[in-house]
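Residues per chain are reported as follows:
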Amino acid sequence: MLTLSEIAMALFLVADLALAGASRLKYAISLVALQGWLVGLMPLLGWQWSLEGCPEMRIWIIALVNSLVKGVSLPMLLSYAVRKARTRREVEPIVSFQISRIIVFLMAAGGFAVAHFLDIQNTSASSFVIPVAFTTMGTGCLLISARKKAITQVLGFLVLENGISLFGSQLLIEYSLVVELGILLDVFALVFILGIAIFQINRTFASTDTDKLNHLGDTHLMHPHHKHDHVHD
């Protein structure tokens, strides 16, 4: 019989596959928010209630902070960035959505194959942890490298961090609260800074495609004579 944590990890995999084929940014943000809530609840879902009783206070704090930051605050910030940038879709990805789904599916299959040969029986984690966590991290890397919109790339960073948190929350249940809060602070600062960058890119190019940044230096080097013409005038 599946446990609650295993059901949550199955939802993680479904969200990974959906993110790989998501073109609408608001839909992708909703999927990342769902993963954020699942990451937040994972320490509680994976807790052995019948054997260890009620979780201690630091577990509740980790669950609450993770849920609020990853499931509410960061998705709201990205939704605001989408509205301001007036960008609705990832139109021309570097890797097509169909191929992206296949890549994520293969990563999941490879993850389950690898997990079959690893021994995690001495932990409180299920056999789903390794494949789901690494598939989620791989999905994040795919979004970062195979998409052009800056907002989608920021979502990739969040998905990558969700995979890391999922791995830690299940295999390292005794990790420090300070370390977890430090990671959250880094991610929040990263998303905030990248949100500012999205506004600047959109204001300069009327688009959030990061590949347009590649033309900045090339344009300056290809037309150096224009500057000299203005000087002589």
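For the structure, check the block above.
Residues numbered from 1 in each chain as written. Predicted model: local features only at pLDDT ≥ 70, side-chain atom pairs only at ≥ 80, totals over all residues. Heavy atoms only, no water.

A. View of the overall build of the protein. Per the secondary structure count, the protein includes 10 helices and 0 strands. In sequence order, the protein lays out its α and β elements as α-α-α-α-α-α-α-α-α-α. When burial is assessed residue by residue, the protein has 45% of its 233 residues classed as buried. As displayed, the protein offers around 12800 Å² of accessible surface, 68% of which is attributable to carbon and sulfur atoms. (Helix = DSSP H or I, 4+ residues; strand = E, 2+ residues; numbered from the N terminus. Buried < 20%, exposed > 50% of the residue type's maximum accessible area, 1.4 Å probe, protein only. Areas by Shrake-Rupley, 256 points an atom, 1.4 Å probe, with all protein chains shown as cover.)

B. Region of the structure containing the packing of helix H5 (residues 97–116) against helix H6 (residues 129–146). For the pair H5 and H6, the least separation of the axes is 8 Å and the interaxial angle reads 150°. Compared by their axis directions, H5 and H6 come out roughly antiparallel. For the element pair H5 and H6, the recorded crossing hand is right-handed. Each of Ser100, Ile103, Val104, Met107, Ala108, Gly111, Phe112 and Ala115 in H5 lies in contact with H6, whose residues at this interface are Ile130, Pro131, Thr135, Gly138, Thr139 and Leu142. Of the residues belonging to the contact of H5 with H6, the class tally is 9 nonpolar, 5 polar and no charged. (Axes fitted to C-alpha atoms, helices over the stretch in contact; angles between N-to-C directions. Parallel < 35°, antiparallel > 145°, perpendicular 65-115°, else oblique. Left-handed = near helix turned anticlockwise from the far one by under 90°. Contact = heavy atoms within 4.5 Å. Nonpolar A, V, L, I, M, F, W, Y, C, P; charged D, E, K, R; others polar.)

C. Up close: helix H2 (residues 25–45). Compared with an ideal rise of 1.5 Å per residue, which puts 21 residues at 30 Å, H2 spans 29 Å between its outermost C-alpha atoms and is within 8% of the ideal. The largest bend along H2 reaches roughly 25° and is located at Val39, with the proline Pro43 sitting one to four residues downstream. (Expected span 1.5 Å × (residues − 1). Bend = angle between axes of the 7 residues up to and from the residue.)

D. Local environment of the nonpolar core. Of all hydrophobic cores here, the largest spans 18 residues; its most connected members are Leu19, Val32, Leu78 and Leu155. In this structure, Leu19 is in contact with Ala28, Leu31, Val32, Gln35, Thr139, Leu143 and Val159, ignoring residues within four places of it in sequence. Counting residues in each nonpolar core, the second largest holds 13 residues, with Met9, Phe12, Val39 and Val129 among its members. (Core = buried A, V, L, I, M, F, W, Y, C linked by side-chain atoms within 4.5 Å.)

E. Here's a closer look at a positive patch on the surface. Together, Lys26, Arg83, Lys84, Arg86 and Arg88 make up a region of like positive charge exposed at the surface. Position of Lys84 relative to the elements: it lies in helix H4 (residues 57–85). (Patch = residues over 30% accessible without salt bridge, like charges linked within 9 Å, V, L, I, M, F, W, Y side chains within 5 Å. Salt bridge = Lys/Arg side-chain N within 4 Å of Asp/Glu carboxyl O. Lys, Arg positive; Asp, Glu negative; His and termini not counted. Charge placed at Lys NZ, Arg CZ, Asp CG, Glu CD.)

F. Seen up close, a nonpolar patch on the surface. Nonpolar side chains collect at one region of the surface, where Leu2, Leu4, Ile7 and Leu11 lie side by side and expose about 380 Å² of accessible area between them. Structurally, Leu2 can be placed in the segment before helix H1 (4–20).

G. Seen up close, the packing of H1 against H5. Their axes nearest at 7 Å, the elements H1 and H5 cross at an angle of 155°. Here H5 runs roughly antiparallel to H1, going by the angle between their axes. Across the interface between the two elements, Leu13, Asp16, Leu17 and Ala20 of H1 pack against Phe97, Ser100, Arg101, Val104, Phe105, Ala108 and Phe112 of H5. For the contact of H1 with H5, the residue count by class is 8 nonpolar, 1 polar and 2 charged.

H. Expanded view of the side chain of Thr136. Inspection of the secondary structure assignment puts Thr136 in helix H6. Apart from residues no more than four positions distant in its own chain, Thr136 is found in contact with Phe12, Asp16, Gln35, Val159, Leu160, Asn162 and Gly163.

I. Focus on the pattern of salt bridges. Scanning all chains against the criterion turns up 1 salt bridge. Lys70 serves as the salt-bridge partner of Glu161, at 2.9 Å between the closest nitrogen and oxygen. Of this pair, Glu161 sits in helix H7 (residues 150–171) while Lys70 is found in helix H4, placing the two residues 91 residues apart along the sequence. Among the residues examined, Glu161 registers a relative accessible area of 8% and is labelled buried.

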